[in-house]
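A closer look at the structure
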Amino acid sequence: MAVNWAERVSAFSRSPSRFLSGTTAEAFLAELLRELRDDKASYSVKVLLLSPICDYPTMLCPSDSVGEETALELMSVFSQCPAKYVQFRCHLLLALTSVLLCTSCVSSRSRASQDFLDLLLQVAQDTSDLQGDGALRSLRATACDCLRELEACSPGLLTQHLELLGGLRQREVSRLHQAYAGLHTLVLRNAVYQLTQEAEAGAEHLKALLGGNTTVAWEADQDSGLMKNKDSAHLYSLILGPMGTVPTLQTGPDCKELRSVLSSLLEESYLLTPLCQASLLHRLTELVAMVPGVPPAVFRAQLLRLLGTSEVCLLHATLLMKCAFTDSLFSAEDEAFILKRLVVLSQHPLLSPPEKLFYMNCILQFPENRPISCSDGDETLPVLLTPRLASALVPTIFNDSATMLARLNLLSLVYLEEGEEGEGEEGGGLAYLFEHLNSLLHILEHGGSREIVVTFFRAAFLFLFYFCHLERFANSLMEKLCTLYFCHTHLAPHLINLANQIQDKLPESNWAVGLLKALQRVITEAPLAQISLQDLSQHLKMLARVAEEGEIPQQSSLSFLSSVITSSHTSLCLSGNWRLGNSLLGICRRLLDHPSLDSLLIPLADILQHLTCNYGDMDIQDHARLYYTLLTTLSREKLVNVLAQGLTEGGRQVKKRTLSCIMAESEGLTSALTIHQTEKAIFRLVEGKSEVREETQADKECDLNLNETESCHKAALTTYRAQFDDPSFASDVTLNYQLAYIENADSHFDQLFSIRLHFTRTDDHYEELSDISVPCLFRERQLPAVRLRLKPRRPYPTTLQASAIFTTQDGLSWLTVLPDIHVSFQQAFMPPPTPLTWGRGSKLSLFEGLWDEILTESKEKDMADSSSSLFCCQLKEDALFALVEKHFLPFLISDLSDKEEFKVLLFLPPQSHVLLKIRLEEDVVHFNIATDNWQLLPHISSYLLTITSSQEDVHS
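My aim in this report is to walk through the structure given alongside it, one point at a time.

Thresholds applied
- Residues numbered from 1 in each chain as written.
- Predicted model: local features only at pLDDT ≥ 70, side-chain atom pairs only at ≥ 80, totals over all residues.
- Heavy atoms only, no water.
- Helix = DSSP H or I, 4+ residues; strand = E, 2+ residues; numbered from the N terminus.
- Buried < 20%, exposed > 50% of the residue type's maximum accessible area, 1.4 Å probe, protein only.
- Contact = heavy atoms within 4.5 Å.
- Pairing = 2+ DSSP bridges.
- Axes fitted to C-alpha atoms, helices over the stretch in contact; angles between N-to-C directions.
- Parallel < 35°, antiparallel > 145°, perpendicular 65-115°, else oblique.
- Left-handed = near helix turned anticlockwise from the far one by under 90°.

**Quick word on the side chain of Thr489**
With respect to the element layout, Thr489 can be found in the loop between helix 24 (471–487) and helix 25 (492–505). Of the residues examined, Thr489 reaches a relative accessible area of 8% and is grouped as buried. When near neighbours in sequence (up to four residues on either side) are disregarded, Thr489 contacts Asp535, Gln538 and His539.

Below is the structure:
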């Protein structure tokens, strides 16, 4: 039986661990190698077989010995493969490189790695492809890539072949010259670095190295061509800047051979792509930095084109060169020119935002010829960046967020230095930045997007980070933030995060405490009657953060909490809202550790006692009772010791974590106070039976004239409009569900109590849903019913995310995530809200009146919401009858026995109607559609397509 290798390789790539659970890595590798040796297998399949070895070499070759054997097998396959299969041979070289590098065979100089190195050098020297069409040239290119990868991972591996590589570079006349140049430069740089690690190395060793006499070059280390310092197994950039050092090779002024090689490489650099040029210049810069005998002026001829380049990578290489050589290569005029060019490029309209951000970062990290400070990692500005020059980079509200923040950071540094000279506070530059911050705040006040919210608070942090010491601006911003919060309480998490970050980054500043105190005043002085439950939730989060500050008096917070829990306006205790109750307790937990607890004792105890006796959630009552007991029975010293458990790391974040686990030394009590997260869903909501009203005798009678006249239709429509426009009319969509266990659920959850279901919308098609309480759920009892009342804004399909908090028999609280609830389009279908006295005759008149009105409006108004359409399908008569009876019976206006035409009237709250005239003409069913909301047409068509397709399958 033939193996479908495409499917097997795809399965392995999707999830290697899952694939290998059904077999072993050794067995799978053996299969791959056996198929690679099979002459009957096609080479396209063999290329596919190499991908697991290339992508997951350590998984398939877990040891060096397995890697060695695999490499020998692959080299055997390479030697037997005909030369014409170039693509396969290229993939073989890549697979061999991956295996040998990832199994450390190269670093240990194993026999397979040396054979492979000889093979690569042999392929690299084979120029027989020059006489052909160039198709075989890709094999040499791959060999160069593999050699470069080997040298990069094991520096010094190719040192003894340096003269060979230099000769190959000079002789190559095809596009592969670029690959040889990059390889030669990397090996040369690593070889010189290796010489710097030898104590006795000097000019004669360098000369011998370039001349191919490796015996002289490495006389200090005869046994290995690899670097002895294993910490240098991977060499990164050696450029440490003007204040740092690089290892040097003292050769004296006699470096003619090296200068000749450098000149040759620099002259050829024009032939390379910009990216390869940048890489070459970077390596040569490192090389010259290591050999003081070669003056940096060797690069002078390249500067003319590099200073005016538009390539990002080349400008970066130029800055690295400046970092290494400073004023020994770049004059003061060069420095000023580069800085001005960076400023221009940072605002160039034709450049992309990432490029402009890069140039701004280059300004912040600008390598000066004579830096004033030697800051390590901190952003500093070059002396030449004056406020006048930087004024071109002032932020505007039209910048994208990243650019705006980068410009604000840069200009803040500029004006901070100006302020240190006494000009910043009154100067126009700083005032402009503050006005820019105000502009962002105004946008936020009028309903800015989430991106604007994040951008504003990041900008506010940057401004405060630099100018928090300027009271005029800092206090003004504090006032504006308080005003913003009063109108937009949902920003509470952002304000809390801002205060946290300011405290962490500026521990000596009291601005964050001042902000929290001001926000406390805003909350506690607000009229309670104007606070909604959503606002209250945010206020409690904010007061919990305020309670963490020992410097802030808490009497006003306690007075506010007392008013909230006793007020008839909020009815908080009666509602039993667990989340709000837990937020209340969160404030109380923090106040138990407040330095001024003695003065807060009586009002805090009153609040906890009131919650214990009156709150409508048992879990909140239990926790409040515990806190009340701790507060009233423990001395101040003991309470402090209890709360101090686990605070070994210090800082606010640990404090937050441990306060929710009072008496952490008692494992049982800590567990009881914690809401645990289930590993998987325990139960779900399954759709229950919908309530379908049976047809009554009144429906069969006609209380209006059945002459089907236009006046009857208008009379029915007028009466219906009056009913429809009644403000007391409820247009909720009611969905019936049952709470049911998921199969294979943990037996620990066989009895659940006090279940609180919480629903989260994924869009705004419906209003927010209130939480639903279910008393209990037992595995062996009848499933409890759950009724969801949805208030549509638009009757479109939607998905609800659901979670639940419940208590198990042992008293622990749990949080579980339920499977998503999908509300389909047809679940919003309802009969029209007609008067109760109406029978079928009245509804028929209403149908015709609505039909005529919709068709008239759709023809007369260009921008009308009304529209009509036609949907056709092939159904037999009995299939059509079954479809109408199954899907449209509750909404059927005409008699079911009248098979000539079925009339269906659907009401979709809040104010939409869909009318259907269904008629069978020969073997085609016509669904004539009329609706007063044209945006429903795609959903209607999709629904009709679904139900007619399923009906065809049933009757086929």
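More follows now that the structure is in view.
**Things to note about the sheet that holds strand 1 (residues 675–677)**
Pairing is mixed in the open sheet, where 5 strands are placed in the order 1-8-7-4-5. At either margin of the open sheet sits one strand with a lone partner, and together these are strand 1 and strand 5 (772–778). Across the sheet, the mean angle from the axis of one strand to that of its neighbour is 35 degrees, orientation sign disregarded. Direction of pairing for strand 7 (residues 798–808) relative to strand 8 (residues 813–823): antiparallel, over a ladder of 9 bridges.

**A short note on the packing of helix 30 (residues 578–591) against helix 31 (residues 597–614)**
Direction vectors running N to C along helix 30 and helix 31 enclose 150 degrees, while the axes themselves pass 11 Å from each other. Classed by the angle they form, the pair helix 30 and helix 31 counts as roughly antiparallel. Crossing handedness for the pair helix 30 and helix 31: left-handed. Together, Leu584, Leu585, Cys588 and Leu591 of helix 30 and Leu597, Leu600, Leu604, Ile607, Leu608 and Leu611 of helix 31 make up the contact between the two elements.

**Some points on the sheet that holds strand 2 (residues 683–687)**
An order of 2-3-6 is seen for the 3 strands of this open sheet, with the pairing classed as antiparallel. The open sheet is flanked by strand 2 and strand 6 (785–790), the only strands paired with a single partner. Across this sheet, the average inter-strand angle for adjacent strands is 40 degrees, counted without regard to direction. Pairing of strand 2 with strand 3 (residues 733–741) involves 5 bridges; the strand directions are antiparallel. Looking at the pairing, Val686 lines up with Gln738 of strand 3.

Remember, this is a structural readout, not a statement about activity or role.
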